[in-house]
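Examination of the molecular architecture
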Amino acid sequence: MKRVITATVQNRSGVLNRITGLMQKRQFNIDSISVGKTEVEQISRMTFVVEVEDMQKLEQLTKQLHKQIDVLKVADITDHAIVARELALVKVVCPPASRSELQSIIAPFRASAVDISKDSMIVQVTGDSDKIEAFLELVRPYGIKELTRTGVTAFLRGHQPQTADGNTYSLITN
Amino acid sequence: MKVKAQAVQERNPAAKVPKTGADLFVEALQAAGVDTIFGYPGGAVLPIYDALYRAEPQFKHILTRHEQGAIHAAEGYARVSGKPGVVIATSGPGATNLITGIADAMMDSLPLVIFTGQVGRSVIGTDAFQESDVMGITTPITKHNYQVQRQEDMPRIVKEAFYIATTGRPGPVVIDIPKDISGEAYQTAVSSHAIHLPGYQPTTKPNSNQIKKLIQAIEEAKRPVLLTGAGVLHAKAAQEVENFAKHFKLPVASTLLGLGAFPASHPQFLGMGGMHGTYAANRALYECDLLINVGARFDDRLTGNLAHFAPEATIAHIDIDPAEIGKIIPTSIPVVSDAKAAIEALLAEESSATASEDWCNHLQQYKADFPLWYNNPVQDLTPQWVMQAVHKATDGKAIITTDVGQHQMWAAQYYGFDQPNRWVTSGGLGTMGFGFPAAIGAQLACPDSTVISIVGDGGFQMTMQELSVLQERRLPVKVLIVNNQSLGMVRQWQEFFYQERYSESLLNVQPDFIKLADSYSIKGVRLDTQEQLVQQLPSLLQSDEPVVIDCRVLRQENVFPMIAPGKGLHEMIGVSR
Ligand SMILES: Cc1ncc(C[n+]2csc(CCOP(=O)(O)OP(=O)(O)O)c2C)c(N)n1
Ligand SMILES: [Mg+2]
């Protein structure tokens, strides 16, 4: 199953290495990682999308992350109300004759053409992973020359509906 | 160049040398209350060794003859004293020579603070002479690591490293110090000495609900067992655990590293569990309906095939590291806590439950019917008999360090540890070469104790260069070589599982260990018969000089009982003659 996990970390050198190394050592499959600064100086936030077999493995992962000295907070936010976004840049084959046709695909996805040359167009599309997949399906027939994706970054929504089950690693806190 | 022999001899009183980053380092070690450090100099740590020379600090520096010797010595020191072991090595090869010991300390949760030199900051990343990526290499095998980027951070980083290494679940912390950081004079004032670790708050007090749940489980259990691991020793909770076991009349099984946490001679003690554990301990782990694990991590050498480990039991697990709970075995009563605090909380519940007499008698019967056994000829030395003789000659009070292999298992089975922190062995990593240097560290930590290093003829050859340290310091370590002229444990597996194809496991050519000892001005004695041993061993072990004892034991002796790899606790072989 796919899980979205966020971690806030002290922004010290080696932190990213320690965390990705840990995931490799413990044999977790990472779909994507995104890292960036937060509103607090010296604190970064990481978002992982991981593929885990079961809840036991997932609990191991969050505990192992939590154990790292520079990790401040770990949360599995998959089952919460979240905003998850990814950005993709796609260079699509696009002779002048296809431009308007492509534009008509771009518009409903609220994607935008950020660069146009004589035979290609770079499109920027933002959204959750499903939306990006759907968009890529549509432009694939035109020919994708290059593709790059940032990986998911995610947040809890401001309002959380009440759910029964708590956090899976709650035994850390008393 | 003119050689100034005199200058090498004499201490050159500090000429006016400006204070450097290395002086900050020495001050930080003094502030940490260090009394002994183990190390080896080299280019990138020259400023540090110069500062040590100039400062004439309170602590001793032990020059081992290989960096691996230094780090295993630090591990031995830490294991018996509970204090952090401190190591210094130079960059590149010095640092990489430490790797085995760092990994060993990580696996066995030993508090170490390790300082490595690094090339100057301006050339880091250029494949400079003796550069190695210490941060990259040590990240997966340290609790934490640092590279000092600014001189003014030195005091804080050193303080944090000692704090991290010794609190929560102990472990090794590496501090990598670029040469310009240690070598240059410092101008800037120190930024702050205060520890700043917002992401590190180990839970040390148990959750009271979990304690109540565990008490209830004990009250309801028909077949409870207490499993003691090294966590008990780290928490200095042996007395509390003993009280707890007695109070509830719990049968006790131990892990390899937990030996000494509960007295071996106590009637409730069933022995060590696992691959070479006793029948009684393994049956108890197999048949129990409540398993109370205090500070053990369910290593595969203990559990055997997981499908057959405590199949009917409710699992309660007390551990200071939450990530250990549920890692191997689903756990219904998790208690994240220091072992001492948890046991005290359990005792404070004042429950009057006790384990059923039937269950205890049942296990006592196993103990009586299937004790450890070996065939003992009249003349020849059997290794098991040697271990018992060592016990007798030392009244069971010695500090025993071992290497890895058959002799390690025999020492674990037959020495019978009644006291905590007297047993020093490499459990998790199973590191040959560990035992002898570890004894040096243990002897330095406990100068008045008898320290015996029980080693194999194979493993001793991996770190025997440290005989120099015994010679130089006249440390009275007793090296007892269980000489079966083979890599015995490997030979045993080849006998059982590879149809006696003894591939590269027979040591037909060996050094003369007596002459070897002699070349270090250390007394060496060879023992071939029981009679010789009975006559000589007591005085050899009581001597206040170092001794090397080459004990010629039967070559084809095997460690029994045994659980073959992949088998369960109920499938032991060699249980009786
Ligand atoms: C560094 C290292 N290399 C290899 C091994 C694999 N190994 C485990 S036990 C053993 C044999 C040890 O022989 P010896 O030291 O003579 O002890 P014995 O088993 O004979 O008592 C070996 C090679 C190991 N544990 N550590
Ligand atoms: Mg041997």
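- Looking at an unreviewed UniProt entry, chain A carries the name Acetolactate synthase small subunit, with the source organism given as Terribacillus aidingensis.
- Looking at chain A in UniProt, the text filed under Subunit (unreviewed entry) is "Dimer of large and small chains."
- Quoted verbatim from the Function (unreviewed entry) field of UniProt, the annotation for chain A is "Catalyzes the conversion of 2 pyruvate molecules into acetolactate in the first common step of the biosynthetic pathway of the branched-amino acids such as leucine, isoleucine, and valine."

**Quick look at helix 8 (residues 154–166) of chain B**
Residues and elements named next belong to chain B.
- If you check helix 8, its first and last C-alpha atoms are 18 Å apart, about what 13 residues at 1.5 Å a residue would give, namely 18 Å.
- Extensive coverage of helix 8 is indicated by the burial of ten of its 13 residues.
- The complete set of buried residues in helix 8 reads M154, P155, R156, I157, V158, E160, A161, F162, I164 and A165.
- Just past helix 8, the residue G168 takes up positive phi, approximately 55 degrees.

**Overview of the sheet that holds strand 2 (residues 60–63) of chain B**
All names here are of chain B.
- Taken in spatial order, the six strands of this open sheet run 2-1-3-4-6-5, and their pairing is parallel. Both edges of this open sheet fall to strand 2 and strand 5 (144–147), since each of them pairs with a single strand only. Each adjacent strand pair in this sheet contributes to an overall mean axis angle of 20 degrees, direction not counted.
- Across the sheet, helix 6 (residues 99–107) lies against strand 4 (112–118) and strand 6 (172–178), angled at about 145 degrees from strand 6, the strand it touches most.

**A closer look at the domain arrangement of chain B**
All names here are of chain B.
- For chain B, the assigned domains are domain 1 (19–183), domain 2 (208–369) and domain 3 (383–559).
- On a C-alpha basis, the centres of domain 1 and domain 2 stand 37 Å from each other.
- Interface area for domain 1 against domain 2, summed over the two sides, is near 680 Å², with a carbon-plus-sulfur share of 54%.
- Looking only at domain 1, the three residues that lose the most surface to domain 2 are R79, D108 and R169, adding up to 60% of its buried area.
- For the pair domain 1 and domain 2, the number of links is two salt bridges.

**Re the packing of aromatic side chains**
- Under the criterion given, the structure shown has 18 aromatic pairs over all chains.
- Aromatic side chains F436 of chain B and F460 of chain B sit 5.4 Å apart centroid to centroid with 70 degrees between the ring planes, which places their arrangement in the edge-to-face category. Highlighted residues: F436 of chain B in helix 19 (residues 435–445) and F460 of chain B in helix 20 (residues 457–463), separated in sequence by 24 residues. Take F436 of chain B and F460 of chain B: they sit in the same class, and that class is buried.
- Linked through ring pairs, W373, W493, F496, F497 and F560 of chain B together constitute an aromatic cluster.
- Over the ring of F28 of chain A we find K57 of chain A; its NZ or CZ atom is 4.8 Å from the centre of that ring.

**Some words on the coordination of the magnesium ion (ligand 2)**
- Listed as protein donors to the magnesium ion (ligand 2) are D457 of chain B (OD), N484 of chain B (OD1) and S486 of chain B (O); their distances from the metal cover 2.0 to 2.1 Å.
- All donors to the magnesium ion (ligand 2) come from one chain, and their sequence spacing reads D-x26-N-x1-S.

**Description of the UniProt feature "domain: ACT" (unreviewed entry) in chain A**
- Here, the residues flagged by UniProt with the feature "domain: ACT" (unreviewed entry) are residues 4–79 of chain A.
- Secondary structure across residues 4–79 of chain A divides into 32% helix and 41% strand, with the first and last C-alpha atoms of the span separated by 9 Å.

**A word on the interface of chain B and chain A**
- In this complex, chain B contributes 30 residues to the contact, which on the side of chain A involves 20 residues.
- Interface area for chain B against chain A, summed over the two sides, is near 2,000 Å², with a carbon-plus-sulfur share of 49%.
- The largest contributions to the chain B side of the interface with chain A come from H144, G199 and A323 of chain B, which together make up 22% of the buried area.
- Here D321 of chain B and K67 of chain A are joined by a salt bridge, their closest N and O atoms 2.6 Å apart.
- At the level of secondary structure, the elements contributing two or more residues to the side of chain B that touches chain A comprise strand 5, helix 8 and strand 12 (333–336) of chain B.
- Class assignment for the residues of the side of chain B that touches chain A results in 13 nonpolar, ten polar and seven charged.

**Side note on the site of ligand 1**
All names here are of chain B.
- Inspection of the region around ligand 1 gives 17 residues, with Q406, H407, G458, G459 and G488 positioned closest.
- Within the contact set of ligand 1, a nitrogen atom lies 3.3 Å away from a backbone nitrogen or oxygen of M432.
- Taken by itself ligand 1 offers 580 Å² of open surface, and the protein chains cover 76% of this.
- When contributions to the shell around ligand 1 are tallied by element, the ones reaching two or more residues are helix 18 (406–414), helix 20 and helix 22 (488–497).
- The greatest single-element share of the shell around ligand 1, amounting to four residues, is contributed by helix 20.
- Residues belonging to the shell around ligand 1 are distributed by class as follows: six nonpolar, ten polar and one charged.

**Digging into the sheet that holds strand 12 of chain B**
Residue and element names in this part refer to chain B.
- Reading across the sheet, the six strands line up as 9-8-7-10-11-12 and stay open at both edges, with parallel pairing between neighbours. Each end of this open sheet is capped by a strand with a single partner; those strands are strand 9 (269–272) and strand 12. Pairs of neighbouring strands in the sheet enclose a mean axial angle of 15 degrees, with direction left out of account.
- Strand direction decides the pairing type here: strand 8 (residues 252–254) and strand 9, joined by three bridges, are parallel. Bridged to V252 within strand 9 is F269.
- Against the sheet, helix 13 (residues 279–287) engages strand 7 (224–228), strand 8, strand 9 and strand 10 (290–294), with an angle of about 100 degrees to strand 9.

**Some details on the packing of helix 13 of chain B against helix 16 (residues 357–369) of chain B**
Residues and elements named next belong to chain B.
- Look at helix 13 against helix 16: their axes get within 8 Å of each other, and the N-to-C directions meet at 145 degrees. Both helix 13 and helix 16 take part in a crossing whose hand is right-handed. Counted together, Y279, A280, R283, A284 and E287 of helix 13 and W359, H362, L363, Y366 and K367 of helix 16 form the full contact between these two elements.
- Here the contact of helix 13 with helix 16 is composed, by residue class, of six nonpolar, one polar and three charged.

**As for the domain arrangement of chain A**
All names here are of chain A.
- The assigned domain composition of chain A is domain 1 (2–76) and domain 2 (83–154).
- Across the boundary between the two partners, domain 1 contributes eight residues, which contact five residues of domain 2.
- Taken as a group, S32, S34 and T47 account for 58% of the area that domain 1 buries against domain 2, more than any other trio of residues on that side.
- On the surface where domain 1 and domain 2 come into contact, there are zero salt bridges.
- Of all the secondary structure elements, the ones that give two or more residues to the side of domain 1 that touches domain 2 are strand 1 (2–10), strand 2 (29–37) and strand 3 (43–51).
- A breakdown of the residues in the side of domain 1 that touches domain 2 according to their chemical character gives three nonpolar, four polar and one charged.

Reading the values: rules and limits
- Residues numbered from 1 in each chain as written.
- Chains lettered and ligands numbered in written order.
- Predicted model: local features only at pLDDT ≥ 70, side-chain atom pairs only at ≥ 80, totals over all residues.
- Heavy atoms only, no water.
- UniProt positions renumbered as here; feature names shortened; annotations may be inferred.
- Helix = DSSP H or I, 4+ residues; strand = E, 2+ residues; numbered from the N terminus.
- Expected span 1.5 Å × (residues − 1).
- Buried < 20%, exposed > 50% of the residue type's maximum accessible area, 1.4 Å probe, protein only.
- Pairing = 2+ DSSP bridges.
- Axes fitted to C-alpha atoms, helices over the stretch in contact; angles between N-to-C directions.
- Contact = heavy atoms within 4.5 Å.
- Domains from an automatic or database assignment.
- Buried area = accessible area lost by both parts, 1.4 Å probe.
- Salt bridge = Lys/Arg side-chain N within 4 Å of Asp/Glu carboxyl O.
- Phe/Tyr/Trp six-rings, centres within 6.5 Å; stacked < 30°, edge-to-face > 60°.
- Lys NZ or Arg CZ within 6 Å of the ring centre and 35° of its normal.
- Donors = N, O, S within 2.8 Å, 3.2 Å for Na, K, Ca; no water.
- Nonpolar A, V, L, I, M, F, W, Y, C, P; charged D, E, K, R; others polar.
- Near = heavy atom within 4 Å.
- Polar contact = N/O pair within 3.5 Å; in protein donor to acceptor, adjacent residues only side chain to side chain.
- Areas by Shrake-Rupley, 256 points an atom, 1.4 Å probe, with all protein chains shown as cover.
- Left-handed = near helix turned anticlockwise from the far one by under 90°.

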